[in-house]
Amino acid sequence: MKLVRLLANLGYGSRKQVAAMFREGLVTDAAGAVLYADDKADHADVRFDGEPLDPPQGMLLMLNKPTGYTCSRKDVGRLVYDLLPPRFALRNPVLSTVGRLDRETSGLLLFTDDGQLLHRIISPKASVSKVYDATLADDLRGDEAATFAAGTLMLEGETTPLEPASMDVLGPRHVRLTLTEGRYHQVRRMFAAVGNHVETLERVALGGLTLDGLPSGEWRLLTAGETARIFA
């Protein structure tokens, strides 16, 4: 692939804009030699303004999503894509969230430009676990864990019961819930079904991945080994 197309696909600009960057000498090899638009070079050997290129197609990254951001490209207000470098929104193939967290849910959110990987993670057949910490408006009654684990709970407006979910009690109004599904507003609707209300909700793990100290609003790329941990 010619370098001008490579950089355009990575979101550094349109082909016309990228061509101008080559003329300005912004694209070099690792040794600092200027590269030209029609050149071919290994991805890892190319530098843009002295920095290595973003990863090629197949990128997976983790964001610690703050509350108040929407997992959308088009909604009004603050969007999760605003927390990433602007060029990421221009990548081809497109960078998408792996599932969604609602506006008032924080925590671990993945993005990828690999459609097959995205569908593999969210597929019900994969049964990737999702772990949430929730604080509740009212004290627990004591029977919630058994209700969620039974695999018989039916959410309002649905005709299929939820898969069994495990719940650990962390305090009178604080729980950790592990699911293998990702239904719309599932945790909030589960507690509504047992007469309670979720006040704060954070996803703290996905498969074998955790936030591992990543600050709120920050992101980082994941390694192949970390990607494999999702399915461990």
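Just so you know, these numbers come straight off a predicted model, no measurement behind them. (Residues numbered from 1 in each chain as written. Predicted model: local features only at pLDDT ≥ 70, side-chain atom pairs only at ≥ 80, totals over all residues. Heavy atoms only, no water.)

### Focus: helix 2 (residues 15–23)
The criterion, for reference: Each residue is placed in one exposure class: buried if its accessible area under a 1.4 Å probe, protein chains only, is under 20% of its type's maximum, exposed if it is over 50%, and partly exposed if it falls in between. Numbering of helices and strands runs from the N terminus; a helix is a DSSP stretch of H or I covering at least four residues, while a strand is a stretch of E covering at least two. Taken from the helix axis, the directions to the C-beta atoms give the arc we talk about. Whether two residues are in contact is decided by their heavy atoms: any pair within 4.5 Å suffices.
Within the span of helix 2, buried status applies to V18, M21 and F22. Along the axis of helix 2, the buried residues cluster in a sector spanning 100°; they form a single face. Helix 2 presents K16 and R23 as exposed residues on the side facing more than 90 degrees away from its buried surface. Those residues of helix 2 that are buried lie in contact with helix 1 (3–9), strand 1 (27–29) and strand 2 (46–48). Directly beyond the C-terminal end of helix 2, a positive phi value near 75° is found at G25.

### Concerning the side chain of N9
Within the secondary structure, N9 sits in helix 1. Among the residues examined, N9 registers a relative accessible area of 19% and is labelled buried. Residue contacts for N9: discarding those within four places in its chain leaves M1, L90, R91 and N92.

### Points about the packing of aromatic side chains
Applied cut-off: The aromatic pairing rule takes the rings of Phe, Tyr and Trp, using the six-membered ring of Trp, and pairs them if the centres are within 6.5 Å, calling planes under 30 degrees apart stacked, those over 60 edge-to-face and the rest tilted.
Counted by the stated rule, this structure contains 4 aromatic pairs. Ring plane angle 50° and centroid distance 4.9 Å describe the contact between Y12 and F48, whose orientation is recorded as tilted. With Y12 in the loop between helix 1 and helix 2 and F48 in strand 2, the pair connects residues that are 36 residues apart, well separated along the chain. Accessibility classification places Y12 together with F48 in one group, the buried group.

### Comments concerning unusual backbone geometry
Cis geometry is adopted by the peptide bond preceding P93, which originates at N92 and carries an omega value of 10°. Look at D49: it is not a glycine, yet its phi comes out positive at around 50°. Along the chain, D49 falls in the loop between strand 2 and strand 3 (51–52).

### Considerations on the pairing of strand 7 (residues 130–136)
Rules: Being paired, for any two strands, means DSSP has found at least two bridges between them.
Here strand 7 lies mainly inside the structure; 6 of its 7 residues are buried. Two elements, strand 7 and strand 10 (residues 198–206), share 7 bridges in a ladder whose sense is antiparallel. Bridge pairing in strand 10 links T135 to T200.

### Some thoughts on the sheet that holds strand 1
Reading across the sheet, the 3 strands line up as 1-2-3 and stay open at both edges, with antiparallel pairing between neighbours. The sheet terminates laterally at strand 1 and strand 3, the two strands that pair on one side only. Pairing geometry for strand 1 and strand 2, over 3 bridges, is antiparallel. What sits directly across from T28, in strand 2, is R47.

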